[in-house]
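What the coordinates show
Each chain, letter by letter, is given below.
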Amino acid sequence: MRRHEFQPGRLLAGLVLTCAGVLYLLDASGELDLAWYAVVPMAVGGLCLAALVGLVTYAVRRDRRDRSSDSDR
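Here goes a summary of the coordinates provided. Since this is a predicted model, take the numbers as computed values, not measurements.

The next thing to look at is the state of the cysteines. Tallied over the entire structure, the rule returns 0 disulfides. Among the cysteines around Cys19, which has no disulfide bond, Cys48 carries the closest sulfur, lying 16 Å off.

Here you go:
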């Protein structure tokens, strides 16, 4: 497998959606009594946080790339 850069926003989005899926699975199996409106805000909030993390990661990497290209000149 080729190496790729670490993307924390995608990791966070995957973890949040996995957690929401596990909660719905526990609710469907009867182990947990969960209202649907409890999971939806958690998933939306987690996806918004993942987007923010992705934007910050992009900005930091772009700034580092710009600094390294300026020092090469």
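There is more to say, and it comes next.
This part takes up a nonpolar patch on the surface. A contiguous nonpolar patch, built from Tyr24, Trp36, Tyr37, Val40 and Val44 and spanning about 550 Å² of accessible area, is present on the exposed surface. At 4 residues, helix H2 (residues 36-72) tops the list of elements feeding residues into the nonpolar patch. Looking at the element boundaries, Trp36 is found in helix H2. Its relative accessible area of 58% is what places Trp36 among the exposed residues.

Cut-off values and rules
- Residues numbered from 1 in each chain as written.
- Predicted model: local features only at pLDDT ≥ 70, side-chain atom pairs only at ≥ 80, totals over all residues.
- Heavy atoms only, no water.
- Disulfide = S-S within 2.5 Å.
- Patch = residues over 30% accessible without salt bridge, like charges linked within 9 Å, V, L, I, M, F, W, Y side chains within 5 Å.
- Areas by Shrake-Rupley, 256 points an atom, 1.4 Å probe, with all protein chains shown as cover.
- Salt bridge = Lys/Arg side-chain N within 4 Å of Asp/Glu carboxyl O.
- Helix = DSSP H or I, 4+ residues; strand = E, 2+ residues; numbered from the N terminus.
- Buried < 20%, exposed > 50% of the residue type's maximum accessible area, 1.4 Å probe, protein only.

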